[in-house]
Structure formats: structure tokens, C-alpha cells
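Observations on the model geometry
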Amino acid sequence: EEKYSTYWPRKIMMVFGAPGAGKGTQGPRIVEMLGIPQLSTGDMLREAVAAGTEVGKKAKEVMAAGGLVSDEIVIGIIADRIKADDCKSGFILDGFPRTQAQAEALDKMLAQSGEAVSLVMAFDVDPAVLEERVCGRWIDKASGRSYHVKYAPPKSMKLGADGKPIPESMKDDISGD
């Protein structure tokens, strides 16, 4: 294991792309292939708040006041999260950093342990394709399951005479609601 960490450092990846570019589809495939977790800052913030960590308490205070969580807090949450066992071989940052200041703070934080981002994947998709993907999405509010009217429609979906989905027929495949 020591030899592994010396000669094959952690895979530190970032994925970027507009909503609908395919991060949510390709991310789990990359996770499965490489055996490293995909980390979303939104999920990490919610987990830190729920766990009551020091950084989570700071984030909760800011969010309760209706403010935006600072880069310093977000970097702190990432720093805590990447110490977890599942990140030992690496991790994928999903949608972070979003600004140059965040990128510089991330680089500085990683440099403290002699690390750096090893791969950046940018999903560049034609705007017309993005529009079709995003506008066709449908998420069941109760279960959180997502569907797409063209690529992954719910089994219950019926089309009207105009060829468009009938909203009343859009039911969750599992619950039927």
C-alpha cells in the first residue's frame, strides 16, 4: 500500500459541463470504473450540516441567514470530506470549482499535502442538444427519480394528439403517483 501511494498518487478529477451535458450519466460510470467517489459540493454541504461538523455549523448559520456559503467554508468541507477512507485512491469533484478564486483555493489546499488535480473533464455539448435534454426532464418530487420524455419516459406516459406528453399521465414507475 505504501508503494502504491508513492508511485501512483490519488486520482483527483474534476468534471464540468452545463446542465444536461451528461455529468450525471457519465459520473456513475467513471465512479464504478475507477472505484473513487464523485463529490458534489451541494451534497457535501448538506452532509456536513446534518453531521454537525464545525464547518457544517458555520455553513448552517450562513444558510439560515439566507446568505451564500463562502469559498472558505466550501474548501473546508472539501478538505474534511477528502480525508474519508473512500477517497484514499482519489475522488471526482462535480461542478467545483466554479470561479478562479475557488480554483486557486483548491490548488492551495491540495498543495499542502503535495497533491494536485490530475484530470479535468469538460463536457462540451451543442446548445440545441442541451435544450432538448433539459426541457425533456421530469423528476418525481416524492421519490426524486428522474425521467426524460424522450430518453427515459415513465411507463405510464401517454402522448396527446399533438405528439406531446400528457402531464396527467406522467406517473412514477415505482409508486404510480
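If you're wondering where the values come from, they're calculated on a predicted model, not measured in any experiment.

Quick notes on the sheet that holds strand 4 (residues 119-123)
The sheet built from four strands is open, its strands ordered 2-3-1-4 with parallel pairing. Only two strands of the sheet have a single neighbouring strand rather than two, namely strand 2 (38-40) and strand 4. Pairwise comparison of adjacent strand axes, ignoring direction, gives a mean angle of 25° for this sheet. One ladder, built from five bridges, connects strand 1 (residues 11-17) with strand 3 (residues 90-94); its direction is parallel. Residue Met14 lies in a different strand from strand 3, and its bridge partner there is Leu93.

Describing the pattern of salt bridges
Enumeration over the complete set of coordinates arrives at six salt bridges. Between Arg10 and Glu115 there is a salt bridge whose closest N-O contact spans 2.7 Å. Here Glu115 lies in the loop between helix 6 (100-111) and strand 4 and Arg10 lies in the loop between helix 1 (2-7) and strand 1, a separation of 105 residues in the sequence. Between Glu54 and Lys57 there is a salt bridge, and its shortest N-O distance comes to 3.6 Å. Linking Glu54 with Lys57, this pair stays in helix 4 (residues 54-64), spanning three residues, or about one helical turn.

Considerations on the confidence of the model for the protein
On average, the protein scores 88 in pLDDT, and the residues at 70 or more come to 96%. Looking at the elements of the protein, mean pLDDT is at its lowest for helix 1, recorded as 61, and at its highest for helix 6, recorded as 94.

Looking at helix 3 (residues 41-51)
Of the positions making up helix 3, those classed as buried are Thr41, Met44, Leu45 and Ala48. All buried residues of helix 3 project into a common sector of 100° when viewed along the axis, lining one side. Exposed residues on helix 3 whose side chains face more than 90 degrees from its buried face are Arg46 and Ala50. On the buried face of helix 3, the contacting elements are strand 2, helix 4, helix 5 (71-81) and strand 3. Directly beyond the C-terminal end of helix 3, a positive phi value near 70° is found at Gly52.

Definitions and cut-offs
- Residues numbered from 1 in each chain as written.
- Predicted model: local features only at pLDDT ≥ 70, side-chain atom pairs only at ≥ 80, totals over all residues.
- Heavy atoms only, no water.
- Pairing = 2+ DSSP bridges.
- Helix = DSSP H or I, 4+ residues; strand = E, 2+ residues; numbered from the N terminus.
- Axes fitted to C-alpha atoms, helices over the stretch in contact; angles between N-to-C directions.
- Salt bridge = Lys/Arg side-chain N within 4 Å of Asp/Glu carboxyl O.
- pLDDT = per-residue confidence, 0-100.
- Buried < 20%, exposed > 50% of the residue type's maximum accessible area, 1.4 Å probe, protein only.
- Arc of directions from axis to C-beta.
- Contact = heavy atoms within 4.5 Å.

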